[in-house]
Amino acid sequence: MKRDAIVFKYFKRVFEDYQVLVSVNPIDFSGTELIIHPDGKVEKTEMNFDEEIYDDLAEDDFKESSPLEFQLYMKKDFFERKES
């Protein structure tokens, strides 16, 4: 199956001093979790969920969010200018 043809679902929760963004592949329940720290550092973890992931996210107060926001954080290293 071509991975580019899959429409991922995106979720977000903002905590006091950090936020968590999650992408979920609705076909095989794989995904990625991004933790955005107060200093701007992005921690990325590849995840494998089960079919109950949507219930779990709702129970933990995650809301559906923008794919654009998720992708910007995913590519953050690419956009940051490196000092020489």
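One can find the structure itself at the top, above this paragraph.
Note that this is a predicted model, so its numbers are computed, not measured. (Residues numbered from 1 in each chain as written. Predicted model: local features only at pLDDT ≥ 70, side-chain atom pairs only at ≥ 80, totals over all residues. Heavy atoms only, no water.)

A. Quick peek at the nonpolar core. In terms of nonpolar packing, the biggest core is built from 10 residues, these being Phe11, Val20, Val22, Val24, Phe29, Ile35, Phe49, Ile53, Leu57 and Phe62. For this core, the secondary-structure elements that each account for two or more residues are β2 (19-24) and α1 (53-59). Looking at this core element by element, the count peaks at three residues for β2. If we ignore the near neighbours within four places in the chain, the residues touching Val24 are Phe8, Lys9, Phe11, Phe29, Ser30, Gly31, Phe49, Ile53, Tyr54 and Leu57. Listed in part, the seven residues of the second largest apolar core include Ile6, Tyr10, Leu34 and Phe70. (Core = buried A, V, L, I, M, F, W, Y, C linked by side-chain atoms within 4.5 Å. Buried < 20%, exposed > 50% of the residue type's maximum accessible area, 1.4 Å probe, protein only. Helix = DSSP H or I, 4+ residues; strand = E, 2+ residues; numbered from the N terminus. Contact = heavy atoms within 4.5 Å.)

B. Summary view of a negative patch on the surface. Taken together, the side chains of Asp50, Glu51, Glu52, Asp55, Asp56, Glu59, Asp60 and Asp61 present a region of like negative charge at the surface. Following the sequence through the fold, Asp50 ends up in the loop between β4 (42-48) and α1. (Patch = residues over 30% accessible without salt bridge, like charges linked within 9 Å, V, L, I, M, F, W, Y side chains within 5 Å. Areas by Shrake-Rupley, 256 points an atom, 1.4 Å probe, with all protein chains shown as cover. Salt bridge = Lys/Arg side-chain N within 4 Å of Asp/Glu carboxyl O. Lys, Arg positive; Asp, Glu negative; His and termini not counted. Charge placed at Lys NZ, Arg CZ, Asp CG, Glu CD.)

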